[in-house]
Amino acid sequence: MNDAHARIFAAIAAIPRGRVASYGAIAARAGLPGRARLVGRALGEVPDGMELPWYRVLRSSGQIAFPPGSRGFREQSKRLKAEGVDVRNGRVPMSAFGLDADLDRALWGMPG
DNA sequence: GTAATGACGCGCC
DNA sequence: CGGCGCGCCATTA
């Protein structure tokens, strides 16, 4: 655990229920533009017991990052569907559920 | 030290 | 829509 991870977790925790965000967007919100991979790394080190909506983080394409059919893949799609997110073929329509620039600013209170 | 490996992203073709 | 290449960076071998 370090400062970068802490900010990444904070950014993920800020994703509203029923919505999703990309790794790149999380990295940017954490003050780490271009470090999308670091977000993926941080998610692999989330402490057990820590409450974090990790399943709301997707690739910029809306695709679930886990290999199709894997444990994480099924778990993520299950949780997303459970809160009303449309998951089809391992992918979520970002245009409908993703946080675009305006919504981002409105929900996360940061200037564009 | 170099090389490979990811819960990634973007531009190009 | 699919494939490639390159950038990114912490870890691991």
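Our structure's up above, just so we're on the same page.
Note that the structure is a prediction, hence the values are computed from the model and not measured.

Taken together, 13 residues surround DNA strand B, and among them Tyr23, Gly24, Arg37, Arg59 and Ser60 come closest. When the atoms of DNA strand B within 4 Å of the protein are sorted by group, sugar and phosphate make up 39%. At 2.6 Å, a side-chain N or O of arginine 37 approaches a base nitrogen of DNA strand B. Measuring from a phosphate oxygen of DNA strand B, one finds a side-chain N or O atom of arginine 59 at 2.9 Å. Of all elements in the fold, only α2 (23-29) and α3 (36-43) reach the threshold of two or more residues within the surface near DNA strand B. Sorting elements by how many residues they give to the surface near DNA strand B places α3 first, with 4 residues. When its residues are assigned to classes, the surface near DNA strand B shows 6 nonpolar, 5 polar and 2 charged.

A few words on the nonpolar core. In terms of nonpolar packing, the biggest core is built from 18 residues, with Ile8, Ile12, Ile15, Ile26, Val39, Leu43 and Val57 touching the most fellow members. Put simply, the parts of the chain that give this core at least two residues each are α1 (3-13), α2 and α3. Examining the composition of this core, we find that 5 residues originate from one element, α1, more than from any other. Contact partners of isoleucine 8, with chain neighbours within four places excluded, come to Ile26, Ala30, Leu32, Leu38, Val39 and Ala42. Listed in part, the 10 residues of the second largest apolar core include Val20, Leu58, Val85 and Val92.

Of note, asparagine 89 is a non-glycine position whose phi angle comes to about 65°, a positive value. With respect to the element layout, asparagine 89 can be found in the loop between α4 (71-82) and α5 (94-97).

Another point: the protein's contact with DNA strand C. The immediate surroundings of DNA strand C are formed by Arg35, Arg37, Leu38, Arg41 and Arg91. At the protein interface, 73% of the atoms of DNA strand C within 4 Å belong to sugar or phosphate. Here a base nitrogen of DNA strand C sits 3.5 Å away from a polar atom, N or O, in the side chain of arginine 37. Separating a phosphate oxygen of DNA strand C from a side-chain N or O atom of arginine 91 is a distance of 3.3 Å. A breakdown of the residues in the surface near DNA strand C according to their chemical character gives 1 nonpolar, no polar and 4 charged.

Let us look at the environment of phenylalanine 97. Among the secondary structure elements, phenylalanine 97 is positioned in helix α5. Look at phenylalanine 97 and you get buried, because its relative accessible area is 16%. For the pair phenylalanine 97 and glycine 62, spaced 35 residues apart in the sequence, the C-alpha separation amounts to 9.3 Å.

What counts and how
- Residues numbered from 1 in each chain as written.
- Chains lettered and ligands numbered in written order.
- Predicted model: local features only at pLDDT ≥ 70, side-chain atom pairs only at ≥ 80, totals over all residues.
- Heavy atoms only, no water.
- Near = heavy atom within 4 Å.
- Polar contact = N/O pair within 3.5 Å; in protein donor to acceptor, adjacent residues only side chain to side chain.
- Helix = DSSP H or I, 4+ residues; strand = E, 2+ residues; numbered from the N terminus.
- Nonpolar A, V, L, I, M, F, W, Y, C, P; charged D, E, K, R; others polar.
- Core = buried A, V, L, I, M, F, W, Y, C linked by side-chain atoms within 4.5 Å.
- Buried < 20%, exposed > 50% of the residue type's maximum accessible area, 1.4 Å probe, protein only.
- Contact = heavy atoms within 4.5 Å.

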